[in-house]
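Topology and contacts: notes
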Amino acid sequence: MRLPLYQVDAFTDQLFAGNPAAVVPLSQWLPDTVMQKIAAENNLAETAFILPDGDDWAIRWFTPEAEIDLCGHATLASAFVIAHFLKPGAGLIRFSTQVAGELRVTRQGERFSLDFPARPGAVAEVSADVLAALGVAAPEAAFAARDLMLVYDRAEQVAAVKPDFAALARTGRKIIITAPGDDVDFVSRFFAPSVGIAEDPVTGSAHCTLIPYWADRLGKPELTARQISARGGQLWCRMEGARVQIAGHAVLYLEGTIHV
């Protein structure tokens, strides 16, 4: 079996930045074990598998180790592939998902805006083992949704974090760390070694929790954000009731064929 493969750098307008995602269009679902093996072979933070569903698309996302419930950068990458190669010129792309409901992506010139569910966090305690694994002091505040979000005072504190990834994996937690930005409204980093992602370069789904917090704290619905990983990424965000808009660019890196 020959399957098309695209690799796209998401949340950036430059190659070798943002978050690389693989996109594999299918005509029918493969066995879960095969999709997981393809994701492991790709060895990227996410591989998205997309399948036509009438005029819309179904989507699933796999890390090298597990299927996950929601992924922003691989959804952006999938919309980019559809709009440029599979359905050229598409301005509105709808995805059905297994857990996250319907997701919509709107093309705005060369920028794509993801319509995702908001996931505001509840006030949470941070265990000593999480802090020790991150090598940080207690945060200003902490909130838990799907991910545990730690809030710090300064962007420099976020940039300086050097986790012990093996220890962090043992906690089983996916961690967002965030702080006010200097030339953007907020910055963040994201760690999920328990599902095979040591540090994710740019994490759209984490912004489902980041945006509600910062929109409330700053008192405005429109926000600019930067994920300050080594590769880095830029996001334009908006709070809209129970939904968030997460926008960014994408760049094609690779087209190829998988032989399965």
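Calculation notes
- Residues numbered from 1 in each chain as written.
- Predicted model: local features only at pLDDT ≥ 70, side-chain atom pairs only at ≥ 80, totals over all residues.
- Heavy atoms only, no water.
- Helix = DSSP H or I, 4+ residues; strand = E, 2+ residues; numbered from the N terminus.
- Buried < 20%, exposed > 50% of the residue type's maximum accessible area, 1.4 Å probe, protein only.
- Contact = heavy atoms within 4.5 Å.
- Areas by Shrake-Rupley, 256 points an atom, 1.4 Å probe, with all protein chains shown as cover.
- Lys, Arg positive; Asp, Glu negative; His and termini not counted.
- Charge placed at Lys NZ, Arg CZ, Asp CG, Glu CD.
- Expected span 1.5 Å × (residues − 1).
- Arc of directions from axis to C-beta.
- Pairing = 2+ DSSP bridges.
- Salt bridge = Lys/Arg side-chain N within 4 Å of Asp/Glu carboxyl O.

So, the overall build of the chain
The helix and strand tally for the chain stands at 6 helices and 18 strands. Along the three orthogonal principal directions, the C-alpha set of the chain runs to about 50 × 40 × 30 Å. Counting every position in the chain, which comprises 260 residues, the buried fraction comes to 54%. Pairs at least 24 apart in sequence give 62% of the contacts found in the chain among residues at least 6 apart. For the chain, the exposed surface amounts to about 10800 Å²; the carbon and sulfur share of it is 50%. Within the chain, one finds 22 positive and 30 negative side-chain charges whose respective centroids are separated by 1 Å.

Some points on helix α2 (residues 72–86)
Taking 1.5 Å as the rise per residue, α2 with 15 residues should run 21 Å; its terminal C-alpha atoms sit 20 Å apart, in good agreement. Here α2 lies mainly inside the structure; 12 of its 15 residues are buried. Looking only at α2, the buried set comprises G72, H73, A74, T75, L76, A77, S78, A79, F80, V81, I82 and A83.

Some points on helix α1 (residues 32–42)
Note that an α-helix has 3.6 residues per turn; residues three or four places apart therefore point the same way. Turning to α1, its buried residues are M35, Q36, I38 and A39. One side of α1 holds all its buried residues, which, seen down the axis, span an arc of 160°. Exposed and facing more than 90 degrees away from the buried side of α1 are T33, K37 and E41. Contact partners of the buried residues in α1: β1 (2–10), β3 (46–53), β4 (56–62), β5 (67–68) and β18 (250–259). After α1 finishes, the residue N43 shows a positive phi value of roughly 60°.

Digging into the pairing of strand β12 (residues 175–180)
In terms of burial, β12 is largely enclosed, as 5 of its 6 residues are buried. Alignment of strand β11 (residues 148–151) against β12, held across 4 bridges, turns out to be parallel. Pairing of M149 across the sheet is with I176, part of β12. As paired strands, β12 and strand β13 (residues 186–192) are joined by 6 bridges and run antiparallel to one another. Within β13, the residue paired with A179 across the bridge is V187. Between β12 and β13, which pair antiparallel one after the other, the connecting turn spans 5 residues.

Examining the pairing of β4
Burial analysis of β4 places 6 of its 7 residues in the buried class, which makes it a mostly covered element. As defined by bridge partners, β3 adjoins β4 across 7 bridges and the pair is classed as antiparallel. Residue I50 lies in a different strand from β4, and its bridge partner there is I59. Linking β3 back to β4 in an antiparallel pair, the connection comprises 2 residues, with G54 at a positive phi of about 65°. The pairing of β4 with β5 spans 2 bridges and is classified as antiparallel. Along β5, the bridge assignment pairs F62 with E67. What sits between β4 and β5 in their antiparallel hairpin is a turn of 4 residues.

Brief notes about the pattern of salt bridges
By the definition in use, this model includes 16 salt bridges. A salt bridge links R119 to D69, with the shortest nitrogen-to-oxygen separation between them at 2.9 Å. Placement of the pair is R119 in the loop between β8 (111–117) and β9 (122–123) and D69 in the loop between β5 and α2, with a sequence separation of 50 residues. The exposure class of R119 is buried, given its relative accessible area of 17%.

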